[in-house]
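Secondary and tertiary structure notes
Here is how the chains run, residue by residue.
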Amino acid sequence: MSDASNPSVDDVANKVDDDALGAFASGVDTTEQFPLQVEGLRKSFGGITAVDGASFEVEAGTLTGLIGPNGAGKSTTFNLITGMLKPDAGTVTFNGEDITGLEPHEIANRGMVRTFQIARELSDMTVLENMMLAPKHQRGEALWRSVTPVLRDDVREQEEELLERVWEVLDFFDIDHIAHEYAGNLSGGQRKLLEMARALLTDPDMLLLDEPFAGVNPTLEKKLLEHVHELREQGYTFLLVEHDMDLIMNNCEHVIVLHQGQVLTEGTPDDIRSNEEVIEAYLGGTV
Amino acid sequence: MSVKEDITARVPGGDTGLIVLVLASAYLLYLLAGIGLGYDLRGQLNSIATLTFYIGVFAMLSLALNLHWGYTGLFNIGIVGFMAVGVYVMALVSKPLYVAGGAAQVGGLGLPLWVGILAGMLAAAILGFVVALPALRLRADYLAIVTIAMSEIVRFSFLSGDLQAFSLMGTRVGFGGGSGLILDFTPPLEALFQAFGLWGVYNGLVDAFRAIVPTNPKPVVDGLIYGLLLLGFVVAFYWLLKRTGESPFGRVLKAIREDEDVANALGKNTDGFKIKSFMLGCALMGLAGILWLMPQGAVTPNFFRPRVTFFVWIALIIGGAGSNTGSVLGGAVFAAVLYQGPRYFQNLVSTVFPNLDSPSGFGQAISPLISSFDPVPFLLYTIDSIRQLQLVVMGLVLIWLMHNRPEGLLGHRKETASVIPLSRPKSMVAADGGADESVRTDGGVDEGDSTVDRESNGGVDDE
Ligand SMILES: Nc1ncnc2c1ncn2[C@@H]1O[C@H](COP(=O)(O)OP(=O)(O)OP(=O)(O)O)[C@@H](O)[C@H]1O
Ligand SMILES: [Mg+2]
């Protein structure tokens, strides 16, 4: 599954079925039910312990929120999960496989892709080049195939397919009118959109979104959220960092609260809303 | 967007037109200088051949460096080391077997020239791999330190007595040490034309040249044909690197240059791509080194000083990193103006004013300027030492470029990293009424709400 560059609708449907069946068969099928499992994750930078033994699981086919005050360690947790940073301790399991310490590209190729809090567009490449970069396992990524006369036709064929898909996504994200613009010239919100669109083009099973809506206009935010829900219904899994509590409460099935690098509490939005510790953490109480 | 950009954009024929224009003006200038210098036809032809030679080598080297720096962001300041390894390995493989008492102190393996060339390129690529493997994983500046150190180590190794002569496969071979190595294989043009059975035709051509160059026309014809051959190689380099850049492979390279972490997070094995790009560029630098030195008859390690590396960098910066067309242009401009230009200028001045006595020292040059505001001796002195001042002139040009055109002559015109043009496919009707997508819209133009509902999957599922 993680290797297929084009997950068929059937695959996705199976994934949902399995999850529904396995929902109460605890212990037997946990990796099916919880594709992402984080266990005792720890990371210090000099004196600061940014992530301090965080453990949580993300259920398949859900939109799970990861919240916490500034500096709680949310972005660092993302970095640890996706291999951008190596943890001091702890394990990360994805689809039943221990992926702790793997390279970011190895993790991305297993179907888990992240976006960055501060959008990292490839400035001197156009929006289109940014997007065309993303799809995995492109034939033309092999140098010899790209330069050899006859073989290059295969590459061209795939480029044509990719280009159509890219334009569809550009239309959807409403950034088609800036398609030929250099990414470095985009506005902050447009960069965020580009970043998310690019991540989706890799065909991930699971997406880690670090404040994807910061600076995106409300109409588009609503549309993107609808899209996220559609994908979620098809079996995609999302882990979402977001400071907008209303957005989290209205859209996530499950919420994990991180505070000072540890999981303070987790549960449904209603659980969280009624949990005083959380309110305290957000209102500046010292825990 | 400045006015200057329009100058290069207004040349008819686009970038090709610009290259043709630059080459034509360079040749014209050289011919005029030749007339000024009183060259006969032979002199003019030789001058053209030399110019073509340097345009060829610098365009090739600049193209190879563009793959490293312009495309992948790899800061290679050891170019000359890869050239040296290419040349020396080629010599080792292709020099004839050692004969005691012959002119050459050491022999080679006696294999055909093309085998030697391939071996030289391979050696340069392997050296690139060895250098890159530890350094590529670190940040960009480490690669710079490692490459320049490597190029000096290579030079000192070839200088050392230990490698002067040794035994390989039972025959006496070696690199000749500081006294140099005689390149006593079949001259490259002869080998080339013989391989295609055209040596007789070539000799016919040489004979035909007697009509315009009566005495000993062979060196003249050799020079011209070799220049043409180099231009052919420039075209081949350009073709290869253009295809490399305009492909998914090149797209990943560009992404690495922009932000390696992003490329990695999108599932690209960036180390692998960097190593491939580095090795390819090194092999091409090795080949360029071979083509530069192959017809020279001999090679000494001290030819491979770091300044050659910096020449190539200047050529690339003039042309504009990131653009293959710019690299060729930069190579040509560098060769014609900065590399060959000063000595022509000096010759020209001393021919036109043969009786001028330039002062013999800096003191004599500067004192009239201070005592009687007479600048002439100082000017003469400057012109006289222009070859020594070549590097200063290059530095000034670089500073001027950095201030006025930091992206180089053509660097602003980025080549799109894809096999096909990326405009909206014809099969797709534009959501907002099919505006002409091949026309670049410069953003900010709100063409109405282009929400597409047929697009329920956002294209993520791909059919
Ligand atoms: N590379 C780093 N070097 C040193 N300290 C770091 C580094 N990255 C993060 N930190 C520290 O780790 C802590 C957690 O940072 P992190 O970015 O994970 O917080 P966050 O929860 O994402 O906050 P925000 O909501 O503001 O984005 C902070 O105190 C931060 O200063
Ligand atoms: Mg953060």
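Procedures and definitions
For every chain, the first residue of the written sequence is number 1, and numbering continues from 1 along that sequence. Lettering for chains starts from A, numbering for ligands starts from 1, and both go in the order in which the items are written. Residues qualify for local features only when their pLDDT is at least 70, as the model is predicted, and side-chain atom pairs are given and counted only at 80 or more; totals for whole chains, interfaces and linings, by contrast, use all residues. Hydrogens and water are ignored here; the side-chain numbers use all heavy atoms of the structure. Numbering goes from the N terminus for both helices and strands, where a helix is a DSSP run of H or I of at least four residues and a strand is a run of E of at least two. Here, expected helix span is obtained from the residue count minus one, scaled by 1.5 Å. Think of it this way: the bend at a residue is just the angle between two axes, each fitted to seven residues, one set ending at that residue and the other starting at it. Throughout this description, buried means an accessible area under 20% of the type-specific maximum (1.4 Å probe, protein chains only), exposed means over 50%, and partly exposed covers the range between. UniProt positions are given in the numbering used here, feature names are shortened, and annotations may be inferred rather than shown by experiment. For this analysis, a salt bridge means a side-chain nitrogen from Lys or Arg found within 4 Å of a carboxyl oxygen belonging to Asp or Glu. Donor atoms: N, O and S within 2.8 Å of the metal, or within 3.2 Å for Na, K and Ca. Because water is excluded, sites can look incomplete. Annotation comment: domain bounds sourced from an automatic or database domain assignment. We call two residues contacting when some pair of their heavy atoms lies within 4.5 Å. Buried area: the sum, over both parts, of the accessible surface (1.4 Å probe) that disappears when the two are put together. Pairs of N or O atoms within 3.5 Å make up the polar contacts considered here, provided that, within protein, one atom can donate a hydrogen while the other can accept it, and that residues adjacent in sequence are counted only when both atoms are side-chain atoms.

Side note on helix α3 (residues 41-71) of chain B
Residues and elements named next belong to chain B.
- Taking 1.5 Å of rise per residue, the 31 residues of α3 would be expected to cover 45 Å, and the 43 Å separating its terminal C-alpha atoms lies within 8% of that figure.
- If you look at α3, its biggest bend is around 35°, right at L65.
- By the criterion of burial, α3 is predominantly enclosed, with 26 of the 31 residues buried.
- Positive backbone phi, approximately 70°, marks G73, located one or two places after α3.

Focus on the UniProt feature "transmembrane region" (unreviewed entry) in chain B
Residue and element names in this part refer to chain B.
- This chain's UniProt record puts "transmembrane region" (unreviewed entry) on residues 18-39, 45-67, 74-93, 113-133, 140-159, 223-241, 278-298 and 310-339.
- Here residues 18-39 is 86% helix and 0% strand, with 29 Å between the C-alpha atoms at its ends.
- Taken end to end, residues 223-241 is 100% helix and 0% strand, and its two terminal C-alpha atoms sit 27 Å from one another.

Quick word on the pattern of salt bridges
- Applying the stated criterion to the full structure yields 24 salt bridges over all chains.
- A salt bridge links A:R110 to A:E97, with the nearest nitrogen and oxygen atoms 2.9 Å apart. Highlighted residues: A:R110 in the loop between α4 (104-109) and β6 (112-114) and A:E97 in strand β5 (residues 97-98), separated in sequence by 13 residues.
- Here the salt bridges share partners, and the residues they tie into one network are A:R120, B:D259 and B:D261.

Considerations on the coordination of the magnesium ion (ligand 2)
Residue and element names in this part refer to chain A.
- Summarising the metal site, the magnesium ion (ligand 2) is bound by the protein donors S75 (OG) and Q117 (OE1), whose distances to it range over 1.9 to 2.1 Å. On the criterion of sequence distance, the pair formed by S75 in helix α3 (residues 74-81) and Q117 in the loop between β6 and α5 (127-133) is long-range, its members being 42 residues apart.
- Given a relative accessible area of 33%, Q117 falls into the partly exposed group.

A look at the domain arrangement of chain A
All names here are of chain A.
- Looking at the assigned domains, one finds that chain A contains domain 1 (31-121 + 203-287) and domain 2 (122-185).
- Placing the centre of domain 1 and that of domain 2 at their C-alpha centroids yields a distance of 29 Å.
- Facing ten residues of domain 1, the contacting portion of domain 2 comprises twelve residues.
- Taken together, both faces of the contact between domain 1 and domain 2 bury some 860 Å²; the carbon and sulfur share is 54%.
- If you look at where domain 1 meets domain 2, you find one salt bridge.
- One salt bridge in this structure joins D203 and R165, with 3.2 Å as the shortest N-O distance.
- Linking domain 1 with domain 2 are four residue pairs in polar contact (both at pLDDT 80 or more).

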